[in-house]
Amino acid sequence: MATLHTLTRSFSGWVVFCCCCCFPLLLTSPLPPKGTGVVSNAHQACRLRKINFQQPYIRNRTYTLAEMARLSDQDTDNRLIGQQIYVNIRENNRCYMMKRITEIIVKDILLTEAKERYPYAEDVAQFLASLTSELSRCKYSGNREHIEKNLEEMKSKMKELGENGKNKAIGELDLLFDYIENACTDAPKKGGNKKKN
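What this report covers is the structure whose coordinates are included nearby. As the structure is a computational prediction, the values presented were derived from the model and not from experiment.

With respect to unusual backbone geometry
Now for step 1: Positive phi values are uncommon outside glycine, yet asparagine 88 reaches one of about 65°.
Now for step 2: Inspection of the secondary structure assignment puts asparagine 88 in the loop between α4 (56-71) and α5 (94-110).
Now for step 3: Of note in this structure, tyrosine 120 is not a glycine but carries a positive phi near 75°.
Now for step 4: Topologically, tyrosine 120 is positioned in the loop between α6 (114-117) and α7 (121-134).
Now for step 5: The exposure class of tyrosine 120 is partly exposed, given its relative accessible area of 30%.

Here it is in structure tokens:
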């Protein structure tokens, strides 16, 4: 201890002390990988809690509503929600994509005349709206062009199908439910988007 005290009295002593003790400590202390905080926050913004999808009440309402709408679906050749929505979409943007699709279906379909035509439409709309609200900070990363293109294709297909397009969207609510769950939770995947592009 006396040697340390003697060394630190002079300027050269401080230099020796710092070079021998402090500098090696700095070299051995771990630093976080570059950009980890940003990636982690962006990842968390596009995450939903698994518990949202484990509520039997809302799952049953969603699946029942979809089944009811499918009974009157005249078009069995087209699908609005399927792997085609992920064409050229990176996996880290899939939750953002599902958020946008959900917003469209809630606003343009479930909160319109569907709530008078179908029981449970309002319950399901409120549930889906709460999910998009939780994802409000979820943003895309990289190029947005493919996301917008795929959304436009889905909307134009729905418009082309007319009234049956809205009915088809309601009939695919069970798929939407599964796709959101798979894209936006960290839980083991089931149903929905099993394939990776």
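Still to come is the rest of the account.
Observations regarding the pattern of salt bridges
Now for step 1: Applying the stated criterion across every chain, the model contains 14 salt bridges.
Now for step 2: Salt-bridge contacts for lysine 149 lead to glutamate 153; the nearest nitrogen and oxygen are separated by 3.0 Å. Placement of both lysine 149 and glutamate 153 in helix α8 (residues 145-160) is noted, with a separation of 4 residues, approximately one turn of the helix.
Now for step 3: Residue classification places lysine 149 among the partly exposed residues on the basis of a relative accessible area of 47%.
Now for step 4: Residue classification places glutamate 153 among the partly exposed residues on the basis of a relative accessible area of 41%.
Now for step 5: Overlapping salt bridges bring together Lys50, Arg59, Asp178 and Glu181 as one network.

Some remarks on the environment of leucine 48
Now for step 1: Mapping leucine 48 onto the fold places it in the loop between α3 (36-45) and α4.
Now for step 2: Judged by its relative accessible area of 6%, leucine 48 is buried.
Now for step 3: The spatial distance from the C-alpha of leucine 48 to the C-alpha of alanine 183 is 9.2 Å, given a sequence separation of 135 residues.
Now for step 4: If near-sequence neighbours (up to four positions away) are discounted, leucine 48 is found in contact with Phe53, Leu131, Glu134, Leu135, Ile180, Cys184 and Thr185.

What to know about the state of the cysteines
When the sulfur atoms of two cysteines share a covalent bond, that bond is a disulfide.
Now for step 1: A complete count under the given rule lists 2 disulfides for this structure.
Now for step 2: Each sulfur in the disulfide pair cysteine 95 and cysteine 184 lies 2.0 Å from the other. Its S-S torsion of about 110° marks the bond between cysteine 95 and cysteine 184 as right-handed, since a negative value means left-handed. Of the two residues, cysteine 95 is situated in helix α5 and cysteine 184 in helix α10 (residues 173-184); the sequence distance between them amounts to 89 residues.
Now for step 3: Exposure remark for cysteine 184: the relative accessible area of 0% places this residue in the buried category.

Quick word on the environment of serine 141
Now for step 1: You can see serine 141 is positioned in the loop between α7 and α8.
Now for step 2: Once you skip the residues sitting within four places of it in the chain, serine 141 turns out to touch Arg90, Asn92 and Asn93.

Examining helix α9 (residues 163-171)
Now for step 1: Taking burial as the measure, the 9 residues of α9 include 7 buried ones, the bulk of the element.
Now for step 2: Looking at α9, one finds that the buried residues are Asn164, Gly165, Asn167, Lys168, Ala169, Ile170 and Gly171.
Now for step 3: Against α4, α5, α6, α8 and α10 lie the buried residues of α9.

So, the packing of α4 against α10
Now for step 1: Running from N to C, α4 and α10 cross one another at 140°; their axes reach a closest spacing of 7 Å. Classed by the angle they form, the pair α4 and α10 counts as oblique. Where α4 abuts α10, its residues Arg59, Thr62, Tyr63, Leu65, Ala66 and Arg70 lie against Leu173, Asp174, Phe177, Asp178 and Glu181.
Now for step 2: Residues that form the contact of α4 with α10 fall into these classes: 5 nonpolar, 1 polar and 5 charged.

A word on the side chain of threonine 102
Now for step 1: Mapped onto the fold, threonine 102 is located in helix α5.
Now for step 2: The contacts of threonine 102, once residues within four sequence positions are left out, are Leu128, Thr132, Leu176 and Ile180.

What to know about α8
Now for step 1: With 16 residues, α8 should reach 22 Å at 1.5 Å per residue; the first-to-last C-alpha distance of 22 Å fits that figure.
Now for step 2: Listed in full, the buried residues belonging to α8 are Ile147, Asn150, Leu151, Met154 and Met158. Angular distribution of buried residues about the axis of α8 spans 100°; they occupy a single face of the element. α8 presents Glu145, Lys159 and Glu160 as exposed residues on the side facing more than 90 degrees away from its buried surface.
Now for step 3: Here the buried face of α8 lies against α5 and α9.
Now for step 4: Glycine 162 occupies a position one or two residues after α8 and carries a positive phi of about 65°.

Rules of the game
- Residues numbered from 1 in each chain as written.
- Predicted model: local features only at pLDDT ≥ 70, side-chain atom pairs only at ≥ 80, totals over all residues.
- Heavy atoms only, no water.
- Helix = DSSP H or I, 4+ residues; strand = E, 2+ residues; numbered from the N terminus.
- Buried < 20%, exposed > 50% of the residue type's maximum accessible area, 1.4 Å probe, protein only.
- Salt bridge = Lys/Arg side-chain N within 4 Å of Asp/Glu carboxyl O.
- Contact = heavy atoms within 4.5 Å.
- Disulfide = S-S within 2.5 Å.
- Axes fitted to C-alpha atoms, helices over the stretch in contact; angles between N-to-C directions.
- Parallel < 35°, antiparallel > 145°, perpendicular 65-115°, else oblique.
- Nonpolar A, V, L, I, M, F, W, Y, C, P; charged D, E, K, R; others polar.
- Expected span 1.5 Å × (residues − 1).
- Arc of directions from axis to C-beta.

Remember that the coordinates give geometry; whether it matters functionally is a separate question.
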